[in-house]
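# Architecture at a glance
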Amino acid sequence: QDCITQGFDGVILDPVDPAGVVPACKKIMEAGIPLATFSSDLPKENEADRTFCVTADDYQAGVIAGQEFLEAFPNGGSIVEVGGFAGYDAQIKRHNGFRDTIEGSNLVVLDFQTCPTGWDANEAMDQMQNFIVKYGDKIQGVYCHWDGGLTGCFQAMKAANMDPIPLYTLGIDGNQDGFNNVRSGLQDISLMQNFDLMTNVCLELMVKVLNGETVPSSTMPPWELITLETIDNYNAPEW
């Protein structure tokens, strides 16, 4: 309402609760103000309630994760998958992209569990503890849907006296946890949502809209692979 009252020409919104902000988005659009969502998009049925979105392709993140695991285990291997917040759009897409990519290969997923109450590192730690008890040294790698969760997995590994960590590990987001874990050698890969790039793209598209140009409904900048070899090419994230 403040944006409408103050007469802003455009609004860029990073929705923490994409479904919850829909009523506000409707009001902005009804007032004739272009609205962009950034990082997270509105539910699919509400795409008409924003002008455009710049976000990450979570399905593609799963695809890239699958490709990296296939490359790491060319002769086959056994891994576990620690999922994110159960039922959350990113969790579903990061899982489906991964499974579709490794389907028909000799990479075996011993087990897969999501976290029931949130993107909670403690829940990821509990899942990993259960996997270690159940599968022991059959586990050769861990695919975790988010870097904070993988940090919880590392705590479980250390508690099980896995030191140094012998497993191939990949997490998604490229946040502080991911950067710290990669730099310390704990984590092999973090797939980074490059928010520097996303914000620039979002602002460029908003300028085009304000100039009367038509822009794509959805734009998804590419994921970046953060490894020990590439980490110094990127700004350390603040989140």
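Here's a quick rundown of the structure.

About the criteria used
Residues numbered from 1 in each chain as written. Predicted model: local features only at pLDDT ≥ 70, side-chain atom pairs only at ≥ 80, totals over all residues. Heavy atoms only, no water. Core = buried A, V, L, I, M, F, W, Y, C linked by side-chain atoms within 4.5 Å. Buried < 20%, exposed > 50% of the residue type's maximum accessible area, 1.4 Å probe, protein only. Helix = DSSP H or I, 4+ residues; strand = E, 2+ residues; numbered from the N terminus. Contact = heavy atoms within 4.5 Å. 1 Å grid on protein atoms, 1.4 Å probe; cavity = no way out; pocket = protein on both sides within 12 Å on 5 of 7 lines; lining within 4 Å. Points joined across faces, edges and corners; volume = space filled by probe spheres on them. Nonpolar A, V, L, I, M, F, W, Y, C, P; charged D, E, K, R; others polar. Pairing = 2+ DSSP bridges. Axes fitted to C-alpha atoms, helices over the stretch in contact; angles between N-to-C directions. Salt bridge = Lys/Arg side-chain N within 4 Å of Asp/Glu carboxyl O. Right-handed = clockwise from strand over helix to strand, strands pointing away.

Formed by 30 residues in total, the largest nonpolar core has its most connected members in Phe52, Phe69, Phe98, Leu170 and Leu191. Within the residue set of this core, elements represented by two or more residues are β2 (35-39), β3 (52-55), α3 (58-72), α4 (89-102), β5 (107-115), β7 (168-173), β8 (189-192) and α8 (195-210). Counting residues per element, this core draws most heavily on α8, at seven residues. Excluding its chain neighbours within four sequence positions, the residues that come into contact with phenylalanine 98 are Gly62, Val63, Ala65, Gly66, Phe69, Ile79, Glu81, Leu107, Val109 and Tyr143. By size, the runner-up hydrophobic cluster in this structure holds 22 residues, among which are Cys115, Cys144, Ile165 and Leu167.

A volume near 870 Å³ is recorded for the largest pocket. Lining the largest pocket are 29 residues, with Ser39, Ser40, Asp58, Tyr88 and Ala90 sitting closest to its centre. It is α4 that contributes the most residues to the lining of the largest pocket, four residues altogether. Among the residues forming the lining of the largest pocket, the class breakdown is 13 nonpolar, five polar and 11 charged. When its volume is computed, the second largest pocket comes out at roughly 210 Å³. In terms of residue class, the lining of the second largest pocket is built from five nonpolar, four polar and two charged.

Bringing the sheet that holds β3 into the picture now. Judged by pairing direction, the sheet is parallel, and its four strands sit side by side in the order β1-β2-β3-β9 without closing on themselves. The sheet terminates laterally at β1 (11-13) and β9 (218-219), the two strands that pair on one side only. Bridging between β2 and β3 involves four bridges; their strand directions are parallel. Each residue of the ladder has a partner; that of phenylalanine 38, found in β3, is valine 54. Sitting on the sheet, α8 touches β1, β2, β3 and β9, and the angle it makes with β3 is about 165°.

In this section: the pattern of salt bridges. Two side chains carrying opposite charge are able to pair once their charged atoms lie near each other. By the definition in use, this model includes nine salt bridges. Among the ionic pairs, arginine 94 bridges to aspartate 58, the shortest N-O distance being 2.7 Å. With arginine 94 in helix α4 and aspartate 58 in helix α3, the pair connects residues that are 36 residues apart, well separated along the chain. According to the relative accessible area criterion, arginine 94 is buried, its value standing at 4%. Notably, a salt bridge pairs glutamate 81 with arginine 99, separated by 3.0 Å at the nearest N-O pair. In this pair, glutamate 81 sits in strand β4 (residues 77-85) while arginine 99 sits in helix α4, placing the two residues 18 residues apart along the sequence. Glutamate 81 gets classed as buried once you look at its relative accessible area, which sits at 0%. Taking the relative accessible area as the measure of exposure, arginine 99 reaches 27% and is therefore partly exposed. Overlapping salt bridges, with partners in common, bring together Asp58, Arg94 and Asp173 in one network.

A few words on the pairing of β5. For a regular strand, side chains alternate in direction, first toward one face of the sheet and then toward the other. Where β4 and β5 come together, seven bridges link them in parallel fashion. Within the sheet, the bridge partner assigned to glutamate 81 lies in β5 and is phenylalanine 112. Once you follow β4 into α4 and on to β5, the crossover reads as right-handed.

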